[in-house]
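Here are the chains, one letter per residue:
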Amino acid sequence: MANYSTSEFKGGLKVLIDAEPCSILENEIVKPGKGQAFNRVKLRNLKNGRVWERTYKSGESVEAADVLETDMEYLYSDGEFWHFMKTDDSYEQIAADANAITDAKNWLKEQDIYTVVLWNDAPISVTPPNFVELEVTDTDPGLKGDTAQGGTKPATLSSGAVVKVPLFVNIGDVLKVDTRTGEYQNRANK
Amino acid sequence: MDNWKPTAQLESLQIRAELLIKIRQFFFERNVLEVETPLLARTTATDVHIQSLEVLSVDSVLDTKFYLQTSPEFAMKRMLSAGSGAIYQICKAFRQGEVSKIHNPEFTMLEWYQPGYSQSDLIDEVESLISAVLPIQAIPKLSYREVFQQQLGFDPHNISFKKLNSFAAEHIDVGAQQLSQTDLLQLLMDAIVVPHLPKNIFVYDFPVDQCALAAIKKDSDGQEVAKRFELFCSGMELANGYYELTDSNEQESRFEADKNKRQELGLPEYPLDSKLIAALDYGLPNCAGVALGVDRLCMLAAGYTEISKVISFTTDKT
């Protein structure tokens with residue numbers, strides 16, 4: 001695999017740090033008038049999401065990571081793996097394990113498109129779209145006409161996630177949910 | 001297409017022009033002579049951390065390699081040896097590869113020398129200049145040892161490499177890189193010490209390994225220190241000054257040491273400035289000198305945190 005020198009560092013570059021795939025978020029050059037130049041680099045570990053800073057002497061190089069971010073369609077879960085298919089008409093499938101799927105499993109809906117990060121062709125993370133539409137499979141009965149007042153109740157969605165919803169929501173309703181906060185947005189009934 | 005436009009904010013051009021007038025007024029009142037020295041010269045700074053831009057001349061008279069000056073220091077010292085007395089210069093300086101939010105490869109430098117001044121005399125004069133051009137009064141002054149002791153609790157002149165290394169590892173992640181004692185001190189200075197110091201501060205008496213072209217003397221505790229100071233404003237290095245090294249033998253051996261280190265690191269080697277050595281041999285008066293970044297001064301005056309806002313056209317936009 002190729003190497004990147006500090007002079008090639010920039011946001012978005014995928015590099016291998018301590019044998020883990022990482023993405024450079026920010027690269028700041030520190031250069032005293034008299035003294036060694038350094039690159040202070042903010043990195044995100046693409047497997048566990050950890051963000052931290054590491055300082056490199058300018059001129060050092062790091063190994064490039066074979067990381068590909070790709071859109072994939074969610075197919076199904078067999079309980080151990082979550083199966084996705086490429087959207088490039090290749091019908092190629094990959095199976096993500098629990099380490100890769102993490103919280104994204106709360107927002108899965110068949111045929112929806114997810115961003116899958118592949119490292120050496122194996123999935124290491126799955127990111128749902130910012131908003132998903134999921135059907136309510138369980139909640140207390142709705143209070144008819146109660147659309148204005150406050151108050152919330154829990155509702156279980158088809159993906160298994162539990163979100164706080166207004167009292168008027170019923171089983172069978174399709175809800176738009178912000179996957180970044182887990183917050184209910186509105187009803188998206190057909 | 002608006003990439004033809006200046007990178008500078010137009011109001012900063014006005015601020016720069018006013019600063020230059022105030023600076024010239026300041027030195028005029030103090031009888032310091034404004035001079036000009038070549039930007040293009042056969043020799044250049046040999047400091048391993050400063051890279052010069054080379055200019056190839058195919059001129060039949062001057063068929064040689066020239067360097068854009070990284071500072072006017074050598075030529076000004078030759079003037080001082082010739083008996084110029086106090087001199088200052090506002091000029092462009094060039095440093096290869098220095099590009100960041102606060103660096104441009106071509107920048108404006110104010111450099112001045114005061115024969116008969118000590119390090120602390122010159123610190124006071126820098127303070128007077130800053131007060132004359134920026135709304136800043138009474139800048140605190142602390143030694144390098146004091147700032148490290150205050151912020152990190154150890155004496156930077158007397159810490160073992162092992163201790164320093166493990167101390168640095170607690171604060172800064174450098175992976176598996178092998179860094180020198182000086183690298184570690186400079187990293188801690190930048191990442192931990194400076195951000196916790198007063199907004200504007202002079203730091204003086206540097207470790208001897210960071211002497212550059214400063215004289216080395218014993219401080220009041222008997223510790224050998226480099227008579228070098230820096231002014232930090234809003235976390236930026238604004239000025240760097242020395243009680244100047246005048247010993248030609250010592251100067252020659254520092255040149256040699258730089259040359260060896262450049263070879264070791266595979267960096268371009270520059271011809272040693274034998275005319276500077278000759279001038280020091282003849283006699284550089286005891287003096288103190290300082291270089292101050294004029295673009296950064298403009299940033300402070302105009303309230304910008306990016307150098308591109310005060311440079312008419314940064315190198316990448318030419």
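Just so it is clear, the structure is predicted and the values come from calculations on it, not from any experiment.

*Asks:* Would you take a moment to explain the overall build of chain B for this structure?
*Replies:* Assigned secondary structure in chain B consists of nine helices and 12 strands. The globule rule puts the C-alpha radius of gyration for 318 residues at 20 Å, and the 20 Å found for chain B is close to it. For chain B, the spread of C-alpha atoms along the principal axes amounts to about 55 × 45 × 45 Å.

*Asks:* Looking at this model, I keep getting lost on the overall build of chain A. Mind explaining?
*Replies:* Along the backbone of chain A there are one helix and 16 strands. Relative to the compact-globule value of 16 Å for 190 residues, chain A shows a C-alpha radius of gyration of 22 Å, a clear excess of over 25%. With respect to the principal axes defined by its C-alpha atoms, chain A has extents near 75 × 40 × 25 Å. With 190 residues in all, chain A has 26% of them scored as buried.

*Asks:* So what exactly am I meant to see when it comes to the sheet that holds strand β14 (residues 162–166) of chain A here?
*Replies:* Working definition: the strands of a sheet are paired by backbone hydrogen bonds and lie parallel or antiparallel to each other. All names here are of chain A. The strand order across the open sheet built from five strands is β14-β13-β12-β15-β16, with neighbouring strands paired in antiparallel fashion. Of all strands in the sheet, those with a lone pairing partner are β14 and β16 (183–187), marking the two edges. Here the average twist between neighbouring strands, direction ignored, is 55°. Looking at chain direction, strand β12 (residues 131–139) and strand β15 (residues 174–178) are connected through five bridges and run antiparallel. Bridged to Phe131 within β15 is Asp178.

*Asks:* What's the story with helix α6 (residues 181–196) of chain B in this structure? I'm lost.
*Replies:* Three- or four-residue spacings in an α-helix give side chains the same orientation, since the helix completes a turn every 3.6 residues. Between its first and last C-alpha atoms α6 of chain B spans 21 Å; for 16 residues at 1.5 Å apiece the expected length is 22 Å, and the two agree. A bend of about 45° at Met189 of chain B is the largest found in α6 of chain B.

*Asks:* Help me out: how do you make sense of the interface of chain A and chain B in this one?
*Replies:* Often the size quoted for an interface is simply the accessible area lost on bringing the parts together. Contacts between chain A and chain B engage 17 residues on the former and 19 residues on the latter. Sort the elements by how many residues they give to the side of chain A that touches chain B and strand β5 (residues 51–57) of chain A lands first, with six residues. Among the residues forming the side of chain A that touches chain B, the class breakdown is seven nonpolar, four polar and six charged.

*Asks:* Is there a simple way to think about the nonpolar core in this case?
*Replies:* Across soluble globular proteins, nonpolar side chains have a tendency to be buried as a group. Core analysis: the largest hydrophobic core is formed by 113 residues, its most contacted members being Leu110, Val126 and Leu292 of chain B. Other than its neighbours up to four places away in sequence, Leu110 of chain B contacts Ile23, Tyr88, Ile90, Leu292 and Val294 of chain B.

*Asks:* What is the right way to read the sheet that holds strand β4 (residues 38–45) of chain A from this model?
*Replies:* Residue and element names in this part refer to chain A. With antiparallel pairing, the six strands of this open sheet are ordered in space as β1-β6-β2-β3-β4-β5. On the outer flanks of this sheet lie β1 (3–5) and β5, each paired with one strand and no other. Each neighbouring strand pair of the sheet contributes to a mean axis angle of 50°, computed without reference to strand direction. In this sheet, β5 lies alongside β4 in antiparallel orientation, the contact comprising seven bridges. Directly across from Phe38, in β5, lies its bridge partner Lys57.

*Asks:* Sorry if this is basic, but what is going on with the environment of Val225 of chain B here?
*Replies:* Mapped onto the fold, Val225 of chain B is located in strand β10 (residues 224–233). Not counting residues within four places of it along the chain, the set of residues in contact with Val225 of chain B comprises Asp205, Phe206, Val208, Lys217 and Asp219 of chain B.

*Asks:* What's the story with the domain arrangement of chain A in this structure? I'm lost.
*Replies:* Residues and elements named next belong to chain A. In terms of domain boundaries, chain A breaks down into domain 1 (3–64), domain 2 (67–127) and domain 3 (131–187). The distance between the C-alpha centroids of domain 2 and domain 3 comes to 25 Å. On the domain 3 side, the residues contacting the five residues of domain 2 number seven residues. Partitioned by chemical class, the residues of the side of domain 2 that touches domain 3 number two nonpolar, one polar and two charged.

*Asks:* So what exactly am I meant to see when it comes to the pairing of β16 of chain A here?
*Replies:* Residues and elements named next belong to chain A. Two strands pair when backbone bridges link them, and β15 and β16 are joined in this way by four bridges, in the antiparallel orientation. Each bridged residue has a counterpart across the sheet, and for Asp178 the counterpart in β16 is Glu183. Between β15 and β16, which follow one another and run antiparallel, lie four residues, and Gly182 among them has a positive phi close to 75°.

*Asks:* What is the right way to read the packing of helix α4 (residues 144–152) of chain B against α6 of chain B from this model?
*Replies:* Two quantities define a packed helix pair, namely the angle between the axes and the distance from one axis to the other. Residue and element names in this part refer to chain B. Here α4 crosses α6 at 80°, and the two axes come no closer than 10 Å. Viewed along their axes, α4 and α6 adopt a mutual orientation that is roughly perpendicular. Each of Val147, Phe148, Gln151 and Leu152 in α4 lies in contact with α6, whose residues at this interface are Leu188, Ile192, Val193 and His196. Of the residues contributing to the contact of α4 with α6, the split by class is six nonpolar, two polar and no charged.

*Asks:* What am I meant to see in the environment of Ile50 of chain B here?
*Replies:* By secondary structure assignment, the location of Ile50 of chain B is in the loop between β2 (40–41) and β3 (53–56). Along the chain, Ile50 of chain B and Arg95 of chain B lie 45 residues apart, while their C-alpha atoms are 6.6 Å from each other.

*Asks:* Would you mind going over unusual backbone geometry with me for this structure?
*Replies:* Trans peptide bonds make up the majority, and among non-glycine residues the majority have a negative phi. Positive phi, close to 60°, is recorded for Tyr91 of chain A, a residue that is not glycine. The exposed category is assigned to Tyr91 of chain A, around which 8 C-beta atoms lie within 10 Å. Even without glycine at this site, Ser234 of chain B takes up a positive phi of about 50°. Within the element layout of this structure, Ser234 of chain B appears in the loop between β10 and β11 (236–243).

*Asks:* Which parts of the structure should I look at to understand the environment of Phe232 of chain B?
*Replies:* All names here are of chain B. Among the secondary structure elements, Phe232 is positioned in strand β10. When the 23 C-beta atoms within 10 Å are taken as the criterion, Phe232 is described as buried. Setting aside chain neighbours within four positions, we find Phe232 in contact with Val194, Leu197, Ile201, Val203, Glu237 and Leu238.

*Asks:* I keep staring at helix α1 (residues 10–29) of chain B and nothing clicks. Help me out?
*Replies:* Residues and elements named next belong to chain B. With 20 residues, α1 should reach 28 Å at 1.5 Å per residue; the first-to-last C-alpha distance of 30 Å fits that figure. Within the sequence span of α1, burial applies to Ser12, Ile15, Arg16, Leu19 and Ile23. Down the axis of α1, the smallest arc covering the buried residues is 105°, so these residues share one side. Of the residues in α1, the exposed ones pointing more than 90 degrees away from the buried face are Leu10, Gln14, Ala17, Ile21, Gln25, Phe28 and Glu29. Each element contacted by the buried residues of α1 is listed here: β5 (87–94), β6 (106–115), α3 (119–133) and α9 (294–302). Immediately downstream of α1, the backbone of Asn31 shows phi near 60°, a positive value.

Definitions and limits used
- Residues numbered from 1 in each chain as written.
- Chains lettered and ligands numbered in written order.
- Predicted model: local features only at pLDDT ≥ 70, side-chain atom pairs only at ≥ 80, totals over all residues.
- Helix = DSSP H or I, 4+ residues; strand = E, 2+ residues; numbered from the N terminus.
- Rg over C-alpha atoms; globule rule 2.2 N^0.38 Å.
- Buried ≥ 20, exposed ≤ 12 C-beta atoms within 10 Å, placed from the backbone.
- Pairing = 2+ DSSP bridges.
- Axes fitted to C-alpha atoms, helices over the stretch in contact; angles between N-to-C directions.
- Expected span 1.5 Å × (residues − 1).
- Bend = angle between axes of the 7 residues up to and from the residue.
- Contact = placed C-beta atoms within 7 Å.
- Nonpolar A, V, L, I, M, F, W, Y, C, P; charged D, E, K, R; others polar.
- Core = buried A, V, L, I, M, F, W, Y, C linked by C-beta atoms within 7 Å.
- Domains from an automatic or database assignment.
- Parallel < 35°, antiparallel > 145°, perpendicular 65-115°, else oblique.
- Arc of directions from axis to C-beta.

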